Amino acid sequence: MALHVVDHPVLQDILARLRDRTTSCEEFRILAHRISLLLVAEATRDIPTVVGTVETPLETTAAQRVAARVVAVPVLRAGLGMLEAFLDLVPSAEVGYFGLERDETTAVARRYYEKVPADLGSAVVFLLDPMLATGGSAAMAVEGLEGMGARRVRLVSIVAAPEGVDRLQLAAPGVEIYTAAVDRQLDARKYILPGLGDFGDRLYGT
Ligand code: PRP
Ligand code: URA
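The following paragraphs examine the structure supplied in this document. Source: prediction; values computed, not measured.

Regarding the site of ligand 2
Taken together, the residues surrounding ligand 2 are R102, M131, A133, K190, Y191, I192, G197, D198 and F199. Backbone polar atom of G197 to a nitrogen atom of ligand 2: 2.8 Å apart, as the coordinates give it. Within the backbone of F199, one N or O atom sits 2.8 Å away from an oxygen atom of ligand 2. Computed on the free molecule, ligand 2 has an accessible area of 240 Å², of which 89% lies beneath the protein chains in the complex. Each residue belonging to the shell around ligand 2 can be placed in one class, and the counts come to 5 nonpolar, 1 polar and 3 charged.

Here's the deal with the site of ligand 1
Looking at ligand 1, there are 15 residues lining it, with R102, D129, T134, G135 and S137 nearest. Between ligand 1 and R102, the relevant distance is 2.7 Å, taken from an oxygen atom to a side-chain nitrogen or oxygen of the residue. Within the backbone of A133, a nitrogen or oxygen atom sits 2.9 Å from an oxygen atom of ligand 1. Within the complex, 91% of the 500 Å² of free accessible area of ligand 1 lies under protein. For the shell around ligand 1, the secondary structure elements donating two or more residues are β4 (70-76), β6 (97-102), β9 (131-132) and α4 (136-147). Looking at the shell around ligand 1 residue by residue, the classes come out as 6 nonpolar, 5 polar and 4 charged.

Details of α4
The end-to-end C-alpha separation of α4 is 16 Å, in line with the 16 Å expected for 12 residues at 1.5 Å each. Those residues of α4 not exposed but buried are G136, S137, A138, A139, A141, V142, G144 and L145.

What counts and what doesn't
- Residues numbered from 1 in each chain as written.
- Chains lettered and ligands numbered in written order.
- Predicted model: local features only at pLDDT ≥ 70, side-chain atom pairs only at ≥ 80, totals over all residues.
- Heavy atoms only, no water.
- Near = heavy atom within 4 Å.
- Polar contact = N/O pair within 3.5 Å; in protein donor to acceptor, adjacent residues only side chain to side chain.
- Areas by Shrake-Rupley, 256 points an atom, 1.4 Å probe, with all protein chains shown as cover.
- Nonpolar A, V, L, I, M, F, W, Y, C, P; charged D, E, K, R; others polar.
- Helix = DSSP H or I, 4+ residues; strand = E, 2+ residues; numbered from the N terminus.
- Expected span 1.5 Å × (residues − 1).
- Buried < 20%, exposed > 50% of the residue type's maximum accessible area, 1.4 Å probe, protein only.

What follows is the structure in structure tokens.
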């Protein structure tokens, strides 16, 4: 598995504002969208393209177009904050949903909903989940997607903990992780430190 930490100054500036406890829910959503654009651009950097032509107002020239079948799968709820950015950049993408919720006391994830396009095996699947904490949710989602036929899965996250990276690496060595930061550690409640708090709660104001 490869870990890609996207160290772009503009992206890191957005991350700083996402971390800030005084950032409002409204601003948090805008920032989540913006940082996702930059992460998705990096995560899709090497997807297959086909070369054709395009007519400019002046002449015909060679042009590259995305040729891969792409499926985006946001993990409910927090991953929804990244979906629109994904579709802005890859409008032809199909979309699946994976519902997971961590138990507040044990931090163990539970599957509660899933609906994905058919024939995942012929697609590059991008799992969207902003927080990779213990890695339990991501490992469960990847296992679920592979069980439904996916063969190429990439995780796009915003903040990861070393524990989550290690766990996903063990559970799914073929998965590539794209993230803006690998933070220091988890706290006793399995929240990422320094992190940005509860992403879903900050996104939806719950
Ligand atoms: C958060 C987050 C991940 C998960 C990460 O979701 O979006 O899915 O926790 O934690 P883990 O790596 O320890 O499994 P949460 O369960 O809080 O649900 P929500 O998105 O509905 O708020
Ligand atoms: N989920 C979050 O939203 N934040 C964390 O720090 C860990 C899990």
